[in-house]
Amino acid sequence: MKTFSVTSSIISSSDIADFVCEKYALSPNTTCRLLKTGINHTYRIDTDNESFIFRLYSCNWRTKQEIAEELKLLQLLKQNDIAVSYPISNRSENLINDINAPEGLRYAVLFSFAKGNKVLNFSEDIHSEIGTLMARIHQQTKGLKLNRITYTPEILLNQSLNYIKPFLSDETEEMQFLIETRFILEKELLNANTKLLRTGIVHMDIWFDNLNISDDNKVTLFDFDFCGNGWLCLDIAYYILQLHSTEKDDTERTAKINAFYKGYETIEKISDEEKRLIPILGVCMYYFYLGVQCNRFENWSNTFLNEVYLKRFIAVLIKGYYEKVT
Ligand SMILES: Nc1ncnc2c1ncn2[C@@H]1O[C@H](COP(=O)(O)OP(=O)(O)OP(=O)(O)O)[C@@H](O)[C@H]1O
Ligand SMILES: N[C@@H](CCO)C(=O)O
């Protein structure tokens, strides 16, 4: 009988438990449970007295070099006492493991567990703390470059549109909006006074979903899978954008955004040019992540991405945000 090939597999928690126990010399009582099959696959590891996160990167998603750059950044941040989930070496002193999955070689990393829980809505004080945390990352990485992607207007807008195109006809109102608005956004970005825009390493995905908050209100950031190079205000733009979807009350949201800015600016000044671009960059971030969703149809998004979803995402989220902020 023919054996069919596999494009994406879910490795069993029991095999991951055995692998991690052996590679990291953990106690035989260690347990492993699958948390999420998202863009990558995430497992929670519990020993008698400690928890970890084991991330299994999807096949052909990031190169070993790209992951090594992500981990180098995390180590730099940790050394500077910035609260991030950091990678842990295995018994052979390696941070990255090779996993021989049915679809091919996958990489895997054991991370420290970010203390606390995920919280959707939280106080102004915590928004301020997140602003400070983001600014400390930016302060530390300003002017540095990772050997990874640079988030140019071309990547954010044009590459994303190319990923979206096979899934939605050019004739639709929603695709027309994306195509026409792309030119307006691109023009704004190309005309920006780049001397006034700080560049460095960006996380690209800082929002409630990628941080844990402890009982004593300490914030720890994780999931640097999209880190790369670019204007630092991309991170700010994304954070503000997400507050528009998670905070429904206008007055409360404004207070939280202001608290975030205040926390940020205790560490790093945001230029007027950056402030001017933040709403537009937020719209670009929507293009970018919709592009990621389309690009990862085969081995992630097919369970939710269809024509109706795309039309709603564009009309409600992207167009809605564009009209609100411009
Ligand atoms: N270092 C960590 N500490 C604690 N929990 C974590 C950590 N990393 C991941 N998690 C948990 O696992 C979940 C999935 O992890 P993560 O967000 O990194 O996966 P992902 O595949 O990149 O998700 P997405 O598809 O949304 O980007 C997180 O939402 C969080 O609940
Ligand atoms: N945070 C992104 C996905 C990548 O983590 C989104 O939900 O659009």
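Residues numbered from 1 in each chain as written. Chains lettered and ligands numbered in written order. Predicted model: local features only at pLDDT ≥ 70, side-chain atom pairs only at ≥ 80, totals over all residues. Heavy atoms only, no water.

The name given to the chain in an unreviewed UniProt entry is Homoserine kinase, with Flavobacterium bizetiae as the source organism. According to its UniProt record, the chain has this under Sequence similarities (unreviewed entry): "Belongs to the pseudomonas-type ThrB family." (UniProt positions renumbered as here; feature names shortened; annotations may be inferred.)

1. Overview of the site of ligand 2
Taken together, Ile39, Asp205, Trp207, Phe226, Tyr238 and Tyr289 make up the full set of residues adjacent to ligand 2. Measuring from an oxygen atom of ligand 2, one finds a side-chain N or O atom of aspartate 205 at 2.4 Å. Between a nitrogen atom of ligand 2 and a side-chain N or O atom of tyrosine 238, the distance comes to 3.0 Å. When ligand 2 sits alone it has 260 Å² of accessible area, and the protein chains cover 77% of it. (Near = heavy atom within 4 Å. Polar contact = N/O pair within 3.5 Å; in protein donor to acceptor, adjacent residues only side chain to side chain. Areas by Shrake-Rupley, 256 points an atom, 1.4 Å probe, with all protein chains shown as cover.)

2. A few points about the nonpolar core
Considering soluble globular proteins, one finds that nonpolar side chains tend to be buried as a cluster. Within the largest apolar cluster, 90 residues are counted, with the highest numbers of intra-cluster contacts made by Met204, Ile236 and Ile318. Considering every element that reaches this core, the biggest residue donor is helix α8 (residues 272-295), with 14 residues. Setting aside its immediate chain neighbours within four residues, isoleucine 236 contacts Met134, Arg198, Phe260, Tyr261, Tyr264, Ile270 and Ile278. Core analysis: the next-biggest nonpolar cluster, separate from the first, contains 18 residues, Tyr24, Leu26, Cys32 and Leu56 among them. (Core = buried A, V, L, I, M, F, W, Y, C linked by side-chain atoms within 4.5 Å. Buried < 20%, exposed > 50% of the residue type's maximum accessible area, 1.4 Å probe, protein only. Helix = DSSP H or I, 4+ residues; strand = E, 2+ residues; numbered from the N terminus. Contact = heavy atoms within 4.5 Å.)

3. Regarding the domain arrangement of the chain
Each domain of the chain was delimited in the assignment, giving domain 1 (13-112) and domain 2 (124-324). Here domain 1 and domain 2 have C-alpha centroids that lie 26 Å from each other. In this assembly, domain 1 packs against domain 2 so that about 2100 Å² is buried in total across both faces, 59% of it on carbon and sulfur atoms. When the buried surface of domain 1 facing domain 2 is broken down by residue, Ile39, Leu73 and Ile82 rank first, second and third, together holding 24% of it. In this assembly, domain 1 and domain 2 are joined by two salt bridges. One salt bridge connects arginine 62 with aspartate 225, and the closest N-O pair in it is separated by 3.1 Å. At the boundary of domain 1 and domain 2, one finds 13 residue pairs in polar contact (both at pLDDT 80 or more). Taken together, the elements giving at least two residues each to the side of domain 1 that touches domain 2 come down to β1 (31-37) and α2 (64-79). Its residues placed into classes, the side of domain 1 that touches domain 2 shows eleven nonpolar, seven polar and seven charged. (Domains from an automatic or database assignment. Buried area = accessible area lost by both parts, 1.4 Å probe. Salt bridge = Lys/Arg side-chain N within 4 Å of Asp/Glu carboxyl O. Nonpolar A, V, L, I, M, F, W, Y, C, P; charged D, E, K, R; others polar.)

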